[in-house]
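Commentary on secondary and tertiary structure
Residues per chain are reported as follows:
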Amino acid sequence: MMNLDLIFPEIFLSLSIMFLLMVGVFKKNSENIVYNLSTIILLILLALVVNLFSVSETFVFNNSYKIDSLSSFMKTLTILSAIFVMISSFSYLKKSNILKIEYPILILSSILGMMIMISSNDLIIFYLGLELQSLALYVLASFNRDNVLSSESGLKYFVLSALSSGLLLYGCSLVYGFSGSTNFTYISNTPTNTEYGIIFGLVFIIVGLAFKISAVPFHMWAPDVYQGSPTSVTLFFAALPKVAALTVFIRILYTPFINLIDQWQTILVFISVASMIFGAVAAIGQSNLKRLIAYSSISHMGYALAGLASGSNQGIQSSIMYISIYLVMTLAFFSCLLMLRKKNIFYEKIEDLSGLSINHPILSISFLVVLFSLAGIPPLAGFFAKFYIFMAVIEQSMYFLAIVGLLSTVIAAFYYLRLIKIIYFDKPKEKYETDHTIGLKVTLAISTGMLILYFIYPGLLNEMVSRIAVI
Amino acid sequence: MNFPILSSLIILPTIGALFILFGRSSSKYNAAKYISLFVSLANFILSLYLWYLFDKANSGFQFVEERIWLEGFINYKVGIDGISILFIILTTFITPLCIISVNSTIKNRLKDFLVAILFMETMMIGVFCSLDLVIFYLFFEAGLIPMFLIIGIWGGERRVYSAFKFFLYTLLGSVLMLIAIITIYWMTGTTDVIELYQIGIDAKYQDLLWLAFFSSFAVKTPMWPVHTWLPDAHVEAPTAGSVLLAAILLKMAGYGFIRFSVGLFPVASEYFVPLVFGLSLIAIVYTSLVALMQEDMKKLIAYSSVAHMGFVTMGIFTMTPQGIEGSIFQMISHGIISAALFLCVGVVYERMHTREINKYGGIVSVMPRYAVVFMIFTLGSLGLPGTTGFIGEFLILLGTFKVNFLVATIASLGVILGAAYMLWLYKRVVFGEIKNTEVNKLVDLKRSEMIILSVLAFVSILFGFYPDPLLSTTSASVQGLIDLFNININISTASNL
């Protein structure tokens with residue numbers, strides 16, 4: 001008997017997706033019901049996953065699926081942010097007339113894919129999860145199909161993502177050919193796992209994963225897709241897939257290929273340095289907020305990878321903390337963005353923020369907090385995220401990485417400051433509407449509150465993350 | 001000592017700020033003004049009480065509070081010694097004056113301004129109290145946010161440029177300090193300042209670490225050649241912002257030099273003395289010359305600040321009791337006098353809406369009271385005996401003569417130049433004939449302005465004649481610091497032999 005109860009969350013989610021599909025098919029005009037039901041399903045799922053926290057490291061399905069502290073934590077993170085994404089974007093979908101039953105179902109299936117990715121201990125399972133997630137995302141990107149930009153972004157994402165999946169698959173097959181297995185545990189025990197074929201395979205896998213988290217030089221899709229997709233989908237893009245991809249990064253680098261650390265460390269350092277600098281510099285010239293946040297997220301992924309590159313437990317934990325805080329910042333940023341609405345039109349240009357502080361003081365303070373936090377200014381949470389990363393990086397005496405990283409925070413600070421300047425120093429424009437849904441307000445309040453109050457008890461996140469020991 | 005008096009000092013302004021922020025917003029700002037005044041005065045009284053409780057004979061840290069913050073990693077630790085207590089009192093003393101001064105200078109969004117000032121006070125007190133490098137960094141950096149907003153929202157025409165320059169300059173300096181702090185953590189396993197004083201840092205690494213800290217403090221001081229943000233920031237900031245900037249923000253760096261550069265890296269401090277002396281001399285002589293040429297009153301005072309801070313850095317790195325005590329005294333004195341000078345400029349700027357020196361002249365016949373007050377601070381700034389300015393400069397030069405005759409001689413030239421630009425400024429603004437008809441319409445000091453300026457004048461003259469309360473507070477701690485410094489130097493020379 002396999003431990004079915006260990007993968008019960010995944011089973012539950014799959015069944016729910018099918019159930020929701022049925023509801024959608026047999027009941028007319030059921031968008032609202034399906035949407036609300038899917039939020040409830042996510043809540044139940046959260047409870048199920050949290051329930052697995054106590055499980056110590058266990059393998060199921062012939063060692064191809066792994067439940068441990070890392071997977072539980074990352075799944076919780078994913079589902080929790082998915083819940084906030086759902087409740088904050090409801091009014092956006094409604095007002096932009098793109099609320100269809102497929103939307104929540106696609107979100108759920110992509111979360112299913114992510115959960116599979118997070119727990120995978122086998123190249124094939126990992127690939128299956130990745131594709132399930134990506135397929136849902138292609139459709140979501142082009143969900144606003146009457147909009148040219150949205151269709152373009154979907155297509156662009158599909159083509160480039162397919163290419164990267166191809167590279168990834170090629171890498172997987174090389175690894176399989178040279179090691180004789182697709183199982184992570186098995187590969188790590190193969191005596192021949194330092195052969196060139198395996199190194200080649202690893203490089204391809206890293207490329208594929210770097211594409212998924214939009215790290216330089218595989219970032220080209222991100223700005224266009226972020227800009228073109230409906231804002232709620234952009235929020236989803238900016239937050240969730242990165243968690244899953246980062247987890248896989250951790251799993252792959254630190255289980256099967258830990259012996260190749262000298263090889264992949266160089267690659268990771270390069271990717272991380274390039275992302276940090278490029279993300280910081282390229283964002284300066286942007287005029288669209290979603291595009292800007294795309295570049296900003298590229299830069300943030302650079303920091304997350306810097307933690308991974310350090311090759312220590314401390315480094316992994318710092319990356320996990322980074323991505324957790326990054327999620328909160330992204331949620332807060334997009335909740336602010338979703339509030340810029342006038343007569344059912346959502347504004348996303350930088351000039352639209354002009355003088356926001358006069359008419360919308362509370363919203364502006366939230367923006368202020370989020371932006372300073374993204375810039376990494378203490379005492380906001382964003383500072384601590386970077387602080388942990390640099391702690392880990394400097395522990396390994398990687399001073400080059402640390403200095404480049406910190407200098408690029410200064411460059412990045414410039415464009416965050418520019419936004420603050422526009423919000424606070426410029427002349428005000430017309431007022432925006434203020435009748436937001438409770439969900440959106442709650443999301444903004446919670447996420448901003450977390451960013452501000454994090455410094456009072458930073459040990460909380462540390463404690464949770466410190467249980468995760470991969471090496 | 002159970003009552004957490006330092007934490008209360010830190011947190012009180014923030015509580016006040018939150019009250020204002022979330023209180024009912026009324027169209028009249030009176031409530032906000034009174035809350036902030038009340039809070040800042042309460043803080044001032046609390047800090048005086050702290051001074052009363054303070055044991056002057058003890059050279060160690062007092063009122064130490066420690067709480068677990070990041071388990072097994074970093075603790076929240078605050079405490080004061082003779083060096084920091086004066087800065088805390090300076091902060092709590094200047095803030096209420098700033099808040100009174102906004103009455104006339106800030107026209108729009110007064111509530112937000114008061115909130116920013118109170119947050120600023122929290123950060124500044126935090127910097128002077130913290131006994132952990134990470135906590136120090138936290139407060140040091142967090143102060144940038146309110147100051148950025150103060151310059152940017154309520155500043156003059158080129159406020160955006162100045163605010164950005166201020167923020168990015170200081171941030172760039174500070175990130176290197178962060179790397180140094182983390183490196184220290186991994187080398188010694190702690191960021192607790194008291195422990196680090198005892199453990200000491202390996203002399204091999206001190207040079208680089210010192211430079212990293214120096215990059216941050218030099219920008220903030222500001223030392224030549226990274227001083228260029230200061231004139232811009234001062235000119236564009238509103239009066240209260242300039243006062244905070246000159247009186248307290250610049251002192252964070254001077255304090256940092258004493259507490260961290262000298263205290264943690266004695267060997268490197270000794271090694272880099274020529275560098276600091278060189279830069280300080282350039283700051284004293286060169287920026288004084290630059291100040292002579294300024295057409296803008298605020299800019300002139302800003303450059304004079306750079307020159308005065310040059311004295312401070314020079315005094316600190318003499319490593320003599322006179323030099324360091326003189327530096328601390330000079331910082332306090334500069335805090336009072338430059339604050340007053342910026343307020344004086346603010347007074348006439350608010351009436352004439354220009355800071356150009358040429359537009360003024362002959363004010364004495366229209367504003368006699370103003371002329372008197374301005375005179376006191378001008379003389380204080382150039383270091384006339386009987387004002388605080390004299391004692392600071394005198395002690396610093398005394399310390400420097402002991403160490404290096406040449407440097408002291410050149411620095412003395414700076415004193416003459418200081419007298420030259422200040423007196424010339426005074427002559428051009430206050431005396432002479434009235435060329436500009438606008439000047440005739442000026443009104444003399446209002447009551448609130450009179451209160452602020454006479455309080456500052458009183459303090460400046462009081463401690464000018466009777467500096468003992470300040471000096472006796474610092475002397476034990478400064479002596480302790482120098483003893484620690486000498487022990488470390490002796491150890492390192494012994495190990496090199």
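The model shown is predicted, which means the values in this text are computed figures rather than measured ones. (Residues numbered from 1 in each chain as written. Chains lettered and ligands numbered in written order. Predicted model: local features only at pLDDT ≥ 70, side-chain atom pairs only at ≥ 80, totals over all residues.)

Thoughts on the overall build of chain A
For clarity, the threshold we go by: The way it works is that DSSP assigns letters per residue, a run of H or I at least four long becomes a helix, a run of E at least two long becomes a strand, and they are numbered from the N terminus. Using C-alpha atoms as the atom set, the radius of gyration is obtained and then compared with a globule rule of 2.2 Å times the number of residues to the power 0.38. Exposed residues have 12 or fewer other C-beta atoms within 10 Å of their own C-beta, buried residues have 20 or more, and partly exposed residues fall in between, where C-beta atoms are placed from the backbone. What counts as a contact is two residues whose backbone-derived C-beta atoms lie within 7 Å of each other.
Counting its secondary structure elements, chain A contains 19 helices and four strands. Its C-alpha atoms give chain A a radius of gyration of 21 Å, within 12% of the compact-globule value 23 Å for 471 residues. With the C-alpha coordinates of chain A rotated into their principal frame, the extents come out at 70 × 60 × 40 Å. Looking at chain A as a whole, 57% of its 471 residues are labelled buried. Taking the intrachain contacts of chain A between residues at least 6 apart in sequence as the baseline, contacts between residues at least 24 apart amount to 78%.

Observations concerning the overall build of chain B
For chain B, the count of helices and strands is 22 helices and two strands. Taken against the 2.2 N^0.38 rule, which gives 23 Å for 497 residues, the C-alpha radius of gyration of chain B at 22 Å falls within 12% of a compact globule. Dimensions of chain B, computed from the C-alpha atoms along their principal axes, are close to 75 × 60 × 40 Å. Of all intrachain contacts in chain B linking residues separated by at least 6 positions in sequence, the fraction that spans at least 24 positions is 80%.

Focus: the pairing of strand β1 (residues 62–70) of chain B
All names here are of chain B. Stated precisely, the cut-off is as follows: Whether two strands pair depends on DSSP finding at least two bridges between them.
Where β1 meets strand β2 (residues 74–80), six bridges bridge the pair, whose relative direction is antiparallel. Across the sheet, residue Gln 62 finds its bridge partner in β2, namely Ile 80. Hairpin remark: β1 followed by β2, antiparallel, with three residues in the connecting loop; positive phi at Gly 72, about 65 degrees.

Looking at unusual backbone geometry
Between Pro378(A) and the following residue, Pro379(A), the backbone shows a cis peptide bond with an omega angle of 5 degrees. You can see Pro379(A) is positioned in the loop between α15 (361–375) and α16 (381–395). Cis peptide bonds are those with omega within 30 degrees of zero, and the linkage from Thr221(B) to Pro222(B) qualifies with -10 degrees. The phi torsion at Ser397(A) lies on the positive side, around 60 degrees, for a residue other than glycine. Locating Ser397(A) in the fold gives a position in the loop between α16 and α17 (399–425). With a phi angle near 55 degrees, Phe63(B) is a residue other than glycine that sits in the positive phi range. Mapped onto the elements, Phe63(B) comes out in strand β1.

A word on the interface of chain B and chain A
The cut-off we apply is this: Think of it as three bins: nonpolar holds Ala, Val, Leu, Ile, Met, Phe, Trp, Tyr, Cys and Pro, charged holds Asp, Glu, Lys and Arg, and polar takes everything else, Gly as well.
Contact with chain B, which involves 25 residues of that partner, is made by 23 residues of chain A. Counting residues per element, the side of chain B that touches chain A draws most heavily on helix α7 (residues 159–188) of chain B, which supplies 13 residues. For the side of chain B that touches chain A, the class distribution of residues is 20 nonpolar, two polar and three charged.

Side note on the environment of Met220(A)
Structurally, the position occupied by Met220(A) is in the loop between α8 (196–212) and α9 (221–228). For Met220(A) and Asp146(A), which are 74 residues apart along the polypeptide, the C-alpha to C-alpha distance reads 24 Å.

A short note on the packing of helix α5 (residues 133–142) of chain B against α7(B)
All names here are of chain B. Where we set the bar: Axis definition: a line fit to C-alpha positions, over the contact stretch in the case of helices; interaxial angles, taken between N-to-C directions, run 0 to 180 degrees. Oblique is the label for any angle not under 35 degrees, not over 145, and not in the 65 to 115 range, which are roughly parallel, roughly antiparallel and roughly perpendicular in turn. Two helices that cross are described as forming a left-handed crossing if the nearer one is turned anticlockwise from the farther one by less than a right angle, and a right-handed crossing if clockwise.
Following both chains from N to C, one finds α5 and α7 inclined at 165 degrees, their axes separated by 10 Å at the closest point. By the angle class used here, α5 and α7 are roughly antiparallel. Here α5 and α7 pass one another in a crossing that is left-handed. Packed against α5, whose contacting residues are Leu 133, Val 134, Tyr 137, Phe 140 and Glu 141, the element α7 presents Ser 174, Met 177, Leu 178, Ile 181 and Ile 184 at the interface. Of the residues contributing to the contact of α5 with α7, the split by class is eight nonpolar, one polar and one charged.

A closer look at α7(B)
Residues and elements named next belong to chain B. The condition is simple: Each residue after the first adds 1.5 Å to the expected span of a helix.
Helix length check: α7, at 30 residues, gives a terminal C-alpha distance of 43 Å against a target of 44 Å (1.5 Å per residue), a fit within 8%. Counting buried positions over the 30 residues of α7 gives 21, a clear majority of the element. Just past α7, the residue Gly 189 takes up positive phi, approximately 80 degrees.

Brief notes about the nonpolar core
Formally: Any nonpolar core is a set of buried residues, restricted to Ala, Val, Leu, Ile, Met, Phe, Trp, Tyr and Cys, that join up through C-beta atoms within 7 Å.
Within the largest apolar cluster, 365 residues are counted, with the highest numbers of intra-cluster contacts made by Phe390(A) and Ile179(B). Setting aside chain neighbours within four positions, we find Ile179(B) in contact with Phe390(A), Ile394(A), Ala402(A), Ile403(A), Leu406(A) and Ala212(B).

Notes on the confidence of the model for chain B
What counts, and what does not: Scored from 0 to 100, pLDDT reflects the predictor's confidence in each residue.
Confidence in the prediction for chain B averages 86 pLDDT; 98% of positions are at 70 or higher. If you check the scores for this complex, the pTM reads 0.91 and the ipTM reads 0.89.

Examining the packing of helix α6 (residues 148–179) of chain A against α8(A)
Residues and elements named next belong to chain A. Between α6 and α8, whose axes approach to 7 Å, the crossing angle comes to 155 degrees. Relative to α8, α6 is oriented roughly antiparallel. Handedness of the α6/α8 crossing: left-handed. Where α6 approaches α8, its residues Ser 164, Ser 165, Leu 167, Leu 168, Tyr 170, Gly 171, Cys 172, Leu 174, Val 175, Gly 177, Phe 178 and Ser 179 are matched on the opposing element by Gly 197, Ile 198, Phe 200, Gly 201, Leu 202, Phe 204, Ile 205, Val 207, Gly 208 and Phe 211. Per-class residue counts for the contact of α6 with α8 are 14 nonpolar, eight polar and no charged.

Examining the environment of Ile198(A)
By the secondary structure assignment, Ile198(A) is in helix α8. Note: C-alpha distance between Ile198(A) and Leu260(A) (62 residues apart in sequence) is 9.4 Å.

Things to note about helix α4 (residues 110–129) of chain B
Counted at 1.5 Å a residue, the expected span for α4(B) with its 20 residues is 28 Å, and the 29 Å between its end C-alpha atoms agrees. When you tally the buried positions in α4(B), you get 20 out of 20 residues, the bulk of the element.

Topic: the environment of Ala218(B)
For Ala218(B), the location among the structural elements is in helix α9 (residues 203–220). With sequence-adjacent residues up to four places away left out, Ala218(B) is seen in contact with Gly173(B), Met223(B) and Val226(B).

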